[in-house]
Amino acid sequence: ATPTAVMVGVGNGARRGILFRNAAALEQAGKVDVLLVDKTGTLTEGRPTLRHALALDGDENRLIQLAASAEAGSEHPLAHALLQRAKESALPLLACERFRADVGNGVEAALPGVGTVKVGVPSWIGLALPPEAAAWPLEGNTVVAVSLDDRPLGLLALADPLRGSSKGAVAALRGLGVKVVMLTGDHESTARSIAAEAGIEEWRAGMKPQDKADVVKYWQQRGSKVAMLGDGVNDAPALAAADVSLAMGAGSDVAIAAADITLMHGDLAHAVDAIRLSRASLAKIR
Ligand code: ADP
Ligand code: MG
């Protein structure tokens, strides 16, 4: 069958920037009843900007300069935001020696003559949010802490707007009988705010890469056919575990390599198209 129907489906997908790895990928997409979706870079634009900075020691510019310098080797969207801001404020980046990314937590780097700088999840840095920053995550911001030689240096709030198409796509998926669950490594309050904005009722926050994969298995054990849509290195284990994996074309190479379907114009609306295309092709096969 309709190998022809499959070929036509794959071709139609390619024209719209939906790249099915093979015929099986096209056939499976339409059978999905749970779609797990990453937040940062998937539901959101993945282009965060710095909204607030709170220096606990020294001034704001120094806080941003040290954080950006430590992030210079990172490909995380949050890193781009900090590097962008450093550039705009004409803050020179300091030399960085031993850079290490802890996926889902943050980064650590040695800045010679300065010390070891960490940027990441406040609880990973060992910092509780002071009252001045308490409202930041409630407004949908991602909050990261910065430390120098394990001393708290400050906090940064980054806002990453929801993609324009996310909310409509969530509604469309519901119409197709597909349950949408958001998985994110971000903080609980940030997750709640973004999920509400997107019209997503179920979500999990504070997820490490392996936690995301465990959620895939949870739904599979309940008999669901599970798709995972993600963009990052942190999504790779979940993409590998899913029945159908979808990667954002602008995402990391690791995510794309693991994916059955790559969405070149990455957004959730194209995941809806992939499912519709699959169902239409399957209808022709029967
Ligand atoms: P998501 O699941 O939403 O795509 P990640 O797993 O990539 O998010 O990141 C989870 C959290 O880890 C982020 O919200 C941030 O607090 C922290 N984090 C990860 N990478 C970095 C980084 N390079 N710089 C600062 N913080 C980071
Ligand atoms: Mg992501």
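Computed from a predicted structure; not experimentally measured. (Residues numbered from 1 in each chain as written. Chains lettered and ligands numbered in written order. Predicted model: local features only at pLDDT ≥ 70, side-chain atom pairs only at ≥ 80, totals over all residues. Heavy atoms only, no water.)

Q: Residues and numbers for the pairing of strand β9 (residues 179-183), please.
A: Counting buried positions over the 5 residues of β9 gives 4, a clear majority of the element. When strand β2 (residues 34-38) meets β9, the two strands line up parallel, connected through 5 bridges. Bridged to D38 within β9 is L183. Two elements, β9 and strand β10 (residues 202-204), share 3 bridges in a ladder whose sense is parallel. From the neighbouring strand, L183 faces β10, where its bridge partner is R204. After leaving β9, the chain enters helix α8 (residues 188-198) and then returns to the sheet as β10, a path that is right-handed. (Buried < 20%, exposed > 50% of the residue type's maximum accessible area, 1.4 Å probe, protein only. Helix = DSSP H or I, 4+ residues; strand = E, 2+ residues; numbered from the N terminus. Pairing = 2+ DSSP bridges. Right-handed = clockwise from strand over helix to strand, strands pointing away.)

Q: Which residues make up the packing of helix α4 (residues 60-71) against helix α5 (residues 77-88), and what values go with them?
A: When two helices pack together, you describe them by how their axes are tilted relative to each other and by the distance separating the axes. Across the interface, α4 lies against α5 with an axial gap of 9 Å and an inter-helix angle of 130°. Taken as axis vectors, α4 and α5 run oblique relative to one another. Like other packed secondary-structure pairs, α4 and α5 cross with a definite hand, here left-handed. Touching I64, A67, A68 and E71 of α4 are A79, L82, L83, R85 and A86, all from α5. Residue classes in the contact of α4 with α5 are distributed as 7 nonpolar, no polar and 2 charged. (Axes fitted to C-alpha atoms, helices over the stretch in contact; angles between N-to-C directions. Parallel < 35°, antiparallel > 145°, perpendicular 65-115°, else oblique. Left-handed = near helix turned anticlockwise from the far one by under 90°. Contact = heavy atoms within 4.5 Å. Nonpolar A, V, L, I, M, F, W, Y, C, P; charged D, E, K, R; others polar.)

Q: Tell me about empty space enclosed by the protein, and please be specific about residues and values.
A: Following the criterion strictly, the structure yields 1 cavity of 30 Å³ or more and no others. In this structure, the largest cavity encloses a volume near 50 Å³. Lining the largest cavity we find A29, V32, L35, A227, V244, L246, A271, A274 and I275. Put simply, the parts of the chain that give the lining of the largest cavity at least two residues each are β12 (244-248) and α12 (268-285). Element by element, the count of residues in the lining of the largest cavity is highest for α12, at 3 residues. Of the residues assigned to the lining of the largest cavity, the class counts are 9 nonpolar, no polar and no charged. (1 Å grid on protein atoms, 1.4 Å probe; cavity = no way out; pocket = protein on both sides within 12 Å on 5 of 7 lines; lining within 4 Å. Points joined across faces, edges and corners; volume = space filled by probe spheres on them.)

Q: Run through the sheet that holds strand β4 (residues 99-102), naming residues and quoting values.
A: If you trace the 6 strands from one edge of the open sheet to the other, you get β3-β8-β7-β6-β5-β4, paired in antiparallel fashion. Each edge of the open sheet is held by one strand with a lone partner, namely β3 (49-55) and β4. Taking the axes of each pair of neighbouring strands and ignoring which way they run, one obtains an average angle of 20° across the sheet. One ladder, built from 6 bridges, connects β3 with strand β8 (residues 151-159); its direction is antiparallel. Bridging from a neighbouring strand, A53 pairs with L156 of β8. Of the strands in this sheet, β3, β6 (115-120), β7 (142-148) and β8 touch α5, which is tilted by about 100° from β8.

Q: Describe in detail the packing of aromatic side chains, supporting the description with residues and values.
A: Any pair of aromatic rings gets described here by the distance separating the centres and the angle formed by the planes. In the structure shown here, the tally under the stated rule is 1 aromatic pair. Relative to W219, the ring of Y218 has its centre 5.3 Å away and its plane inclined at 85°; by these criteria the two rings are edge-to-face. Y218 sits in the partly exposed class, given a relative accessible area of 40%. Across from the ring centre of Y218, 3.8 Å away, lies the NZ or CZ of R222, which sits over that ring. (Phe/Tyr/Trp six-rings, centres within 6.5 Å; stacked < 30°, edge-to-face > 60°. Lys NZ or Arg CZ within 6 Å of the ring centre and 35° of its normal.)

Q: Before we move on, can you summarise the coordination of the magnesium ion (ligand 2) with the specific residues and values?
A: Surrounding the magnesium ion (ligand 2) are the protein donor atoms D38 (OD), T40 (O) and D231 (OD), at 2.2 to 2.3 Å. The sequence pattern describing where the donors of the magnesium ion (ligand 2) fall on their chain is D-x1-T-x190-D. A residue is classified by how much of its surface remains accessible, and D38, at 3% relative accessible area, is buried. Owing to a relative accessible area of 18%, T40 belongs among the buried residues under this scheme. (Donors = N, O, S within 2.8 Å, 3.2 Å for Na, K, Ca; no water.)

Q: An account of the site of ligand 1 is requested, with residue identities and associated values reported.
A: Lining the immediate surroundings of ligand 1 are 20 residues, of which T40, E71, H76, T184 and N234 lie closest. Within the side chain of T40, one N or O atom sits 2.6 Å away from an oxygen atom of ligand 1. Coverage of ligand 1 by the protein amounts to 96% of the 550 Å² it exposes when considered alone. The set of elements that each furnish at least two residues to the shell around ligand 1 consists of β5 (106-111), β6 and β7. The residue makeup of the shell around ligand 1 includes at least three contributed by each of domain 1 (3-45 + 162-285) and domain 2 (49-159). (Near = heavy atom within 4 Å. Polar contact = N/O pair within 3.5 Å; in protein donor to acceptor, adjacent residues only side chain to side chain. Areas by Shrake-Rupley, 256 points an atom, 1.4 Å probe, with all protein chains shown as cover. Domains from an automatic or database assignment.)

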